[in-house]
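If you want the building blocks of each chain, they are given just below.
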Amino acid sequence: MPIRTLIVDDEPVARQVLKEELSAAGDVEIVGEAEDGAGALSAIARHRPDLVFLDLRMPGLGGFEVVHRLPEGVLPVVVIVTAYDEHAIRAYEAGALDYLLKPVSQERLARTLDRVRALRGRKGEVAESLVRLDAVTAPGSSHVRKIVGRSGAEYHLLDLDEILAFQAEGEIVWILTARRRYMATQALHAIEARLAGGTFQRVHRGALVNVDHVRKMTPLSSQRWMLTLSNGAELTVSKRLAKSVRDALQW
Amino acid sequence: MPGLNVPLIINLIGHTAGAVLFAIFLALLFSRRGWSGERGRNLSGAAAALAVVWNVGSLLVLLLPSEAGPAGRIAVAVSFSALSLLPAVLLHTWLRGAHPRITAAGYLLSATATAMHIREIGAADPSLHRIAILAITIGFLLLTGIAAGLYGAGARLAAAMALALFAGSFIHFGEAHAARAWESELLIHHAGIPLALFVLLQDYRFVLLDAFVRFLANALLAAAITAAIVLAGLRLIAPPVADPVRLAGFAIGLCVCLVLFAWLRGRLFDWLTRALFGQRALSNAAARVRTPPSLENEERYLEWAAGSVAEAVRAVRHEVVMQERVEAAATLRASGEAVVPVRLGQGDSRLIVLGPRRGGQRYLRDDLDLLAAAGGEIAAHVESMRRNELVRLAAQAELRALQAQMHPHFLFNALNTLYGTIPREAGGARRMVLRLADIFRYFLQTEGALVPLSREMEIVRAYLEIEQSRLGPRLTVEIAVDDAALDVPIPVLSIQPLVENAIKHGVARHAGPGYVAVEVKSAGGLCITVRNSAGGDSEPGPGVGLQNVRRRLEICYGTGATLDLRVGEGQAAAELRIPAASAGARHRSGAAVTQSEPRP
């Protein structure tokens, strides 16, 4: 099966160069081209490519914005292509699968393709890398805006604000959204560390709750509380954490 | 206790201790390290000297037989005279010229009393001694009361009370001296010593005060423990009872006392350091100046550091002065109570001048040591700020020049377009564009001042590739690099300019065939040699590139790295020696080794 590839760059010559080099590779099928961010998003939704070469600087939506707005259910491998950008280096360190500096040499591109081939079928890793890439928003700042959830063999990028809670059940950590639940790819303490400083608050040993989705807080006994979430789900707050939960909610 | 004259023993010990203490005090006071200012030393010295004379005189009186004739009488007169003069000097010390009339009255009173004492040398009946002592007691109690009323309360009230008590303790002297027992007054009598000390130490700059007070505390503690042991010993093992159980008990008690002494002494010193000298805040200050808030400017950092040190010692004011202007600053000596030197480099020093401390505390030896340590920390921090600044400047000098004319995005997009418009078949031309992009990217690198040698060599190779396609068969290139050298960090652009120089002034100038040979040897440090063919008129020239290399080497290695240029017959060589990569060199440059191209 060929690698279905989309090339996104505002300069025709730059797209041309990549197209030439990629067509020489043999197992790469160019499914489309886009010259700006909006075009890239619609092309991604239409073609559902395996691989996207993404320029960072484009008129309108930039490369990072495209990553942030990836359509539901599409998890392409994203390779950043840039002329000169410290951003790109930061993105690479943050977990972009690869980045290329223009002009791109044939050998360099071949190495990238090797890496992409090695990643085929490893959707979890691709999803994780997209989450990290998405966290690179501005120079110097990085905060997680999405998290990977699994449902059977499918991986999904979930926006943090649509997540109600994380719940540990033995070895499995469930991600609750309003409609359904997903399996998380990390342990609860790792998720907590990653989301530190955000809207998520530990309520007992096995649950993190998005305080923005808490609708009701009912006292059970002297120190124990019951939380009701926006979808009606109920969670108890442990004695030990009651105070910090109330602080977070400003109850 | 039968057969023992306890008051005599205590008097002997007390006067000996007094004489020794005040002698040590005098010695410390007039030692070179002990004094930080000029005011007040003579008065304090006079008081201490009088105290020595009184104690020694009293000892003599106690030791001489009661009917010793003129010698004994002279000893008595001298001892009493010293004692009578002492309160006047203490009063003077305390008032420090605030109320000259009271001070004068004190001296007059003392002089009168002294005259009376001296008159008694010739007399048979020592009644005048008694009258003089009485006059001193009543007179100084009155003067102290008046002065305290005029001077107001506050920290000095304690001094007034001490002086009054001291004066009060004179009462018993009139009764009898010598070997007569007056057990009840002993306590008051010897209480006078520490209290007088307190007065003495009240107001002047005696730097070794803390050392002295520690010594005093040590001695008093030792005396107390010894007294306890002696008393216990007398009670437990006095003959005729020589019970072995009691003996053993005494021995064990002795050991316990000695252990207790060491422990108590530690606690006492801790307490003195903490409560009396308040030095904990100060030792924190030395640590604090190491981690300042982000202050870019050196002057502002110094000002901040001086402020935080001043705050720690509770100085009422502070000032940062350049070393050169110290002589000019006439007010410095008068206004500054303590001076912290901050040595920033050869012939470049600042002084942090601290005003007097709030609450009447003085700067003691330990304080000065801690302040000096803080000065060292400040200097070290300024040094690291300077280094960082240098590295940043050097790394950005070329960058700014380039960026001012051309935006990097424009440059690389243009190169990319060029690359794209060259047909794929023209592999050589495309390769050149790629190498050019590599070189420019390397020049524009902003992060880090050090790179692995292998990274620099990539650029050297890229550069030589371009030159080779330009010069064709005229240029032969030889490159030999020790494998061990590849990962050694070196300053960015320390070899490429040498190679550029070799082409520009060597090979390119001559029509015939030429060569450039780059050799990197690793033996302890690195030895990098760039050789090239040259004609008779070749000169290395003072190129900007070479100057920059020298500057980078200086920043990263100080004088540890060398760059030698040699022009010989038909060939020229540049030899660069870099010392073994020490952690220090990397630390001082304040930069990490960076690498801009991702490696799979």
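These figures come from a predicted structure and were not determined experimentally.

K.L.:
Report on the overall build of chain A, specifying residues and quantitative values.
P.N.:
A count of helices and strands for chain A gives 8 helices and 17 strands. The 251 residues of chain A split such that 39% are buried. Counted over contacts in chain A with a minimum sequence separation of 6, partners at least 24 positions apart contribute 54%.

K.L.:
Any details on the overall build of chain B? Residues and values, ideally.
P.N.:
Assigned secondary structure in chain B consists of 19 helices and 10 strands. Across the 600 residues that make up chain B, the buried fraction comes to 33%. Counting only contacts in chain B whose residues sit at least 6 apart along the sequence, the fraction spanning at least 24 positions is 73%.

K.L.:
So what's going on with the nonpolar core? Which residues, and what values?
P.N.:
Counting residues in each nonpolar core, the largest one holds 73 residues, and the members touching the most others are Leu 54, Val 78, Val 79 and Leu 130 of chain A. Non-local contacts of Leu 54 of chain A, meaning those with residues more than four positions away in its chain, are made with Val 8, Gly 63, Val 66, Val 78, Val 79, Ile 80 and Val 81 of chain A. Judged by nonpolar contacts, the second largest core, of 39 residues, contains Ile 459, Val 518, Ile 528 and Leu 553 of chain B.

K.L.:
Outline the sheet that holds strand β13 (residues 200-204) of chain A, listing residues and values.
P.N.:
Paired through backbone hydrogen bonds, the strands of a sheet run either parallel or antiparallel to each other. All names here are of chain A. Taken together, the 7 strands give an open sheet; going across it, the order is β9-β8-β12-β11-β10-β14-β13, and neighbouring strands pair in antiparallel fashion. Sheet topology places β9 (154-159) and β13 at the edges, where each strand pairs with a single neighbour. The sheet shows a mean angle of 35 degrees between the axes of neighbouring strands, taken without regard to direction. Relative to strand β12 (residues 181-184), strand β11 (residues 172-177) runs antiparallel, the two sharing 3 bridges. From the neighbouring strand, Leu 176 faces β12, where its bridge partner is Arg 181. The strands touched by helix α6 (residues 123-135) within the sheet are β8 (146-151) and β9, with β8 carrying the most contacts at an inclination of about 160 degrees.

K.L.:
Help me get a handle on the sheet that holds strand β15 (residues 214-219) of chain A, residues and values and all.
P.N.:
Residues and elements named next belong to chain A. The 3 strands are arranged β15-β16-β17 in an open sheet whose pairing can be described as antiparallel. Two strands bound the open sheet, and with one partner strand each, they are β15 and β17 (234-237). The mean angle between the axes of side-by-side strands here comes to 25 degrees, regardless of whether they run parallel or antiparallel. With 4 bridges joining them, strand β16 (residues 225-229) and β17 adopt antiparallel strand pairing. Bridging across to β17, Met 226 finds its partner in Thr 236.

K.L.:
Hey, could you go over the interface of chain B and chain A for me, with residue numbers and the actual values?
P.N.:
One frequent convention defines the size of an interface as the accessible area lost when the parts assemble. In this complex, chain B contributes 18 residues to the contact, which on the side of chain A involves 19 residues. When residues of the side of chain B that touches chain A are traced back to their parent elements, those giving at least two are α14 (408-421) and α15 (427-444) of chain B. With 10 residues, α14 of chain B is the largest single contributor of residues to the side of chain B that touches chain A.

K.L.:
Give a description of the packing of helix α1 (residues 12-23) of chain A against α14 of chain B that names residues and reports values.
P.N.:
When two helices pack together, their arrangement is given by the angle between their axes and by how far apart the axes lie. α14 of chain B packs onto α1 of chain A with a crossing angle of 55 degrees between their chain directions and a minimal axis gap of 9 Å. In terms of orientation, α1 of chain A lies oblique with respect to α14 of chain B. The two elements α1 of chain A and α14 of chain B cross, and the hand of that crossing is left-handed. Residues Val 13, Ala 14, Gln 16 and Val 17 of chain A of α1 of chain A lie in contact with α14 of chain B, whose contacting residues are Asn 416, Thr 417, Tyr 419, Gly 420 and Thr 421 of chain B. Residues of the contact of α1 of chain A with α14 of chain B, tallied by class, amount to 4 nonpolar, 5 polar and no charged.

K.L.:
Tell me about the environment of Arg 15 of chain A, and name the residues and values.
P.N.:
All names here are of chain A. By the secondary structure assignment, Arg 15 is in helix α1. In this structure, the C-alpha to C-alpha distance between Arg 15 and Ala 34, residues 19 residues apart in sequence, is 8.9 Å. Once residues lying within four places of it in the same chain are set aside, the contact partners of Arg 15 are Ile 7, Asp 9 and Glu 33.

K.L.:
So what about helix α17 (residues 496-506) of chain B? Which residues, and what values?
P.N.:
Extensive coverage of α17 of chain B is indicated by the burial of 10 of its 11 residues. Within the sequence span of α17 of chain B, burial applies to Gln 496, Pro 497, Leu 498, Val 499, Glu 500, Asn 501, Ala 502, Ile 503, His 505 and Gly 506 of chain B.

K.L.:
Go over the pairing of β16 of chain A, please, and point to the residues and values.
P.N.:
Bridging between β15 of chain A and β16 of chain A involves 5 bridges; their strand directions are antiparallel. Its bridge partner lying in β16 of chain A, Val 214 of chain A is registered against Leu 229 of chain A.

K.L.:
Tell me about helix α4 (residues 100-119) of chain B, residues and numbers included.
P.N.:
Residue and element names in this part refer to chain B. The terminal C-alpha atoms of α4 lie 28 Å apart, and with 20 residues this matches the ideal 28 Å at 1.5 Å per residue to within 8%. Those residues of α4 that fall on the buried side of the exposure criterion are Ile 102, Thr 103, Gly 106, Leu 109, Ser 110, Ala 113, Thr 114, Met 116 and His 117. End-on, the buried residues of α4 take up no more than an arc of 160 degrees, which puts them together on one face. Away from its buried face by more than 90 degrees, α4 exposes Pro 100, Arg 101, Ala 104 and Leu 108.

K.L.:
Can you explain the pairing of strand β14 (residues 207-210) of chain A? Please cite residues and give values.
P.N.:
Residues and elements named next belong to chain A. Residues Ala 207 and Val 209 of β14 are buried on one face, and the alternating residues Leu 208 and Asn 210, pointing to the opposite face, are buried as well. The pairing of β13 with β14 spans 4 bridges and is classified as antiparallel. What sits directly across from Phe 200, in β14, is Asn 210. Between β13 and β14, which pair antiparallel one after the other, the connecting turn spans 2 residues.

K.L.:
Talk me through unusual backbone geometry; I want residue IDs and the actual numbers.
P.N.:
The residue after Lys 102 of chain A, namely Pro 103 of chain A, is reached through a cis peptide bond having omega -10 degrees. Inspection of the secondary structure puts Pro 103 of chain A in the loop between β5 (98-101) and α5 (106-119). The phi angle at Arg 48 of chain A is positive, at roughly 45 degrees, despite the residue not being glycine. Mapping Arg 48 of chain A onto the fold places it in the loop between α2 (37-47) and β3 (51-55). Positive phi outside glycine occurs at Leu 493 of chain B, with the angle close to 55 degrees. Here Leu 493 of chain B is to be found in the loop between β6 (489-491) and α17. Note on Leu 493 of chain B: 23 C-beta atoms within 10 Å, which makes it buried.

K.L.:
Give a description of the packing of helix α3 (residues 70-95) of chain B against α4 of chain B that names residues and reports values.
P.N.:
Residues and elements named next belong to chain B. With their axes 8 Å apart at the nearest point, α3 and α4 run at an angle of 180 degrees to one another. Judged by the angle between their axes, α3 and α4 are roughly antiparallel. In contact with Ala 77, Phe 80, Ser 81, Ser 84, Leu 85, Pro 87, Ala 88, Leu 91, His 92 and Leu 95 of α3, α4 contributes Ile 102, Thr 103, Gly 106, Tyr 107, Leu 109, Ser 110, Ala 113, Thr 114, His 117 and Ile 118. Residue classes in the contact of α3 with α4 are distributed as 12 nonpolar, 8 polar and no charged.

K.L.:
Go over the environment of Ala 27 of chain B, please, and point to the residues and values.
P.N.:
Residue position: Ala 27 of chain B is located in helix α1 (residues 6-29). Between the alpha carbons of Ala 27 of chain B and Gly 45 of chain B there is a distance of 9.4 Å; along the sequence they are 18 residues apart.

K.L.:
Give me the confidence of the model for chain B: which residues, what numbers.
P.N.:
Residues and elements named next belong to chain B. Summarising the model, chain B shows a mean pLDDT of 74, and 70% of its residues fall at 70 or more. Across chain B, element-level confidence peaks in strand β5 (residues 475-481) with a mean pLDDT of 93 and bottoms out in helix α19 (residues 583-589) with 38. Ignoring residues within four places in sequence, the model shows residues 174-182, a span with pLDDT below 50, making 17 contacts including any to other chains. Scored below 50 in pLDDT, residues 582-600 makes 39 contacts in the model with residues more than four places away or belonging to other chains. With pTM at 0.49, the complex prediction returns an ipTM value of 0.73.

Thresholds, definitions, all that
Residues numbered from 1 in each chain as written. Chains lettered and ligands numbered in written order. Predicted model: local features only at pLDDT ≥ 70, side-chain atom pairs only at ≥ 80, totals over all residues. Helix = DSSP H or I, 4+ residues; strand = E, 2+ residues; numbered from the N terminus. Buried ≥ 20, exposed ≤ 12 C-beta atoms within 10 Å, placed from the backbone. Contact = placed C-beta atoms within 7 Å. Core = buried A, V, L, I, M, F, W, Y, C linked by C-beta atoms within 7 Å. Pairing = 2+ DSSP bridges. Axes fitted to C-alpha atoms, helices over the stretch in contact; angles between N-to-C directions. Parallel < 35°, antiparallel > 145°, perpendicular 65-115°, else oblique. Left-handed = near helix turned anticlockwise from the far one by under 90°. Nonpolar A, V, L, I, M, F, W, Y, C, P; charged D, E, K, R; others polar. Expected span 1.5 Å × (residues − 1). Arc of directions from axis to C-beta. pLDDT = per-residue confidence, 0-100.

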